[in-house]
Amino acid sequence: MVERAAPSSDGRRRRSETSRDKIVAAMLQLVAEGQITPSADQVAARAAVGLRSVFRHFKDMESLYAAMTARLSRQYEMWLVPFEASDWRGQLRETIARRLGTYERLMPFKRAADAHRHESAAIQTEHARTLALMRARLKSVLPDQIAADELVFEAIDLLLSFETWQRLRMEQGLSAERAAALITAQVDRLVEPVH
């Protein structure tokens, strides 16, 4: 007698993961197009899945925002790639370029996540984790004399924040190039006395 293998759940699991990925990708596309709060119906339509499928994978829209935020937070990990420069000033320049480039790419997504952060413990946790990562990385680049000077360090951290970038780009209407030049010039002024 030939034993038949039990049907594998691998195919079902893969389909489920594919469906979940499509839903998150649809959310990202809608937000990238400028919709800060897409509806579940819009996400389902974009993902080409049923509305029930959206809520089978995500208990509510906040958990979908949390999944989007978690996926986007991987972008920040590129900041941990080793620096090309060997001196701290060169590494600081690379830090500035990496941060501002990431902010520009992720601006619509970050604005959407921030709009929902107060409602979502998962988004709050991811936000706090990312901020801690950014501050630790910045502190590791700067010489002790600057990192230990609380006022200077906090001013640099503020200049290199998403909030500063968003204000310069959205509220003040600066181009990405002008905003980057302004931030870089101000950081240079803060670190100038250190050799």
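Everything below is about the structure shown above.
Criteria and cut-off values
In every chain, residue numbers begin from 1 and rise along the written sequence. Only residues with pLDDT of at least 70 are given local features in this predicted model, and only at 80 or more are side-chain atom pairs given and counted; all residues enter the totals for whole chains, interfaces and linings. The side-chain values count all of the structure's non-hydrogen atoms but skip hydrogen atoms and water molecules. Any carboxyl oxygen of Asp or Glu within 4 Å of a side-chain nitrogen of Lys or Arg constitutes a salt bridge here. Secondary structure follows DSSP: runs of H or I at least 4 residues long count as helices, runs of E at least 2 residues long count as strands, and numbering of each begins at the N terminus. Classification of residues uses two cut-offs on accessible area relative to the type maximum, computed with a 1.4 Å probe and protein chains only: under 20% is buried, over 50% is exposed, and between them is partly exposed. For Phe, Tyr and Trp, where Trp contributes only its six-membered ring, two rings pair if their centres lie within 6.5 Å, and the inter-plane angle classes them as stacked under 30 degrees, edge-to-face over 60, or tilted in between. Either the NZ atom of lysine or the CZ atom of arginine qualifies as a charge over a ring when it sits within 6 Å of the ring centre and within 35 degrees of the ring normal. By this rule the span expected of a helix is its residue count minus one, scaled by 1.5 Å. Relevant arc is that of directions from the helix axis to the C-beta atoms, nothing else. Buried Ala, Val, Leu, Ile, Met, Phe, Trp, Tyr and Cys residues that are joined via side-chain atoms within 4.5 Å together make up what is termed a nonpolar core. Throughout, a residue-residue contact means that at least one pair of heavy atoms, one from each residue, lies within 4.5 Å. Interaxial angles span 0 to 180 degrees and are taken between N-to-C directions of axes, which are lines fitted to C-alpha atoms, for helices over the stretch in contact. For classification purposes, an angle smaller than 35 degrees is called roughly parallel, one larger than 145 roughly antiparallel, one from 65 to 115 roughly perpendicular, and anything else oblique. Handedness of a crossing follows from how the near helix is turned relative to the far one, being left-handed for an anticlockwise turn of less than a right angle and right-handed for a clockwise one. Each residue is assigned to one of three groups, with Ala, Val, Leu, Ile, Met, Phe, Trp, Tyr, Cys and Pro labelled nonpolar, Asp, Glu, Lys and Arg labelled charged, and all others, Gly among them, labelled polar.

Section: the pattern of salt bridges
Pairing between side chains of opposite charge can happen when the charged atoms of each approach one another.
Okay, so step 1: Across all of its chains, the model carries 10 salt bridges by this definition.
Okay, so step 2: Ionic pairing is found between Arg 169 and Glu 104, a salt bridge with its closest N-O pair at 2.7 Å. With Arg 169 in helix H9 (residues 162-171) and Glu 104 in helix H5 (residues 88-116), this residue pair connects regions lying 65 residues apart in the sequence.
Okay, so step 3: Note that Glu 126 and Arg 129 form a salt bridge whose closest N and O atoms lie 2.8 Å from each other. Taken together, the residues Glu 126 and Arg 129, both in helix H6 (residues 121-141) and 3 residues apart, mark about one turn of the helix.
Okay, so step 4: Of the residues examined, Glu 126 reaches a relative accessible area of 15% and is grouped as buried.

So, the packing of aromatic side chains
Okay, so step 1: Counted according to the given criterion, the structure contains 1 aromatic pair.
Okay, so step 2: A ring pair is formed by Tyr 103 and Phe 162, whose centres lie 5.7 Å apart and whose planes are at 80 degrees; its orientation type is edge-to-face. Taken as a pair, Tyr 103 in helix H5 and Phe 162 in helix H9 lie far apart in primary sequence, 59 residues in all.
Okay, so step 3: With relative accessibility at 4%, the residue Phe 162 sits in the buried group.
Okay, so step 4: Above the plane of the ring of Phe 153 lies Lys 139, whose end atom (NZ or CZ) is 4.6 Å from the centre.

Observations concerning H6
Okay, so step 1: Compared with the 30 Å implied by 1.5 Å per residue over 21 residues, the 30 Å span of H6 between its first and last C-alpha is a close match.
Okay, so step 2: Of the residues making up H6, those classed as buried are Ile 123, Glu 126, His 127, Thr 130, Met 134, Arg 137, Leu 138 and Val 141. End-on view of H6: buried residues confined to an arc of 100 degrees, all on one side of the axis. Along H6, the residues that are exposed and aim more than 90 degrees away from the buried face are Ala 121, Thr 125 and Ser 140.

Considering the nonpolar core
Okay, so step 1: In terms of nonpolar packing, the biggest core is built from 26 residues, with Ile 23, Met 27, Val 43, Leu 64 and Met 68 touching the most fellow members.
Okay, so step 2: When residues of this core are traced back to their parent elements, those giving at least two are helix H1 (10-32), helix H2 (40-47), helix H4 (61-76) and H5.
Okay, so step 3: Setting aside its immediate chain neighbours within four residues, Val 43 contacts Ile 23, Ala 26, Met 27, Leu 30, Pro 38, Met 61 and Leu 64.
Okay, so step 4: By size, the runner-up hydrophobic cluster in this structure holds 25 residues, among which are Ile 96, Ala 147, Phe 153 and Leu 168.

Here's the deal with the side chain of Ser 161
Okay, so step 1: Following the sequence through the fold, Ser 161 ends up in the loop between helix H8 (150-159) and H9.
Okay, so step 2: On the basis of relative accessibility, which here comes to 11%, the residue Ser 161 falls in the buried class.
Okay, so step 3: Contacts of Ser 161, omitting those with residues within four sequence positions, involve Arg 99 and Tyr 103.

Let's talk about the packing of H1 against H2
Okay, so step 1: Taken N-terminus to C-terminus, the directions of H1 and H2 make an angle of 115 degrees; their axes are 8 Å apart at the nearest point. Classified by the angle their axes make, H1 and H2 are roughly perpendicular. Here the hand of the crossing between H1 and H2 comes out right-handed. Contacts from Lys 22, Ile 23, Ala 26, Met 27, Gln 29 and Leu 30 of H1 reach H2 at Gln 42, Val 43, Arg 46 and Ala 47.
Okay, so step 2: In terms of residue class, the contact of H1 with H2 is built from 6 nonpolar, 2 polar and 2 charged.

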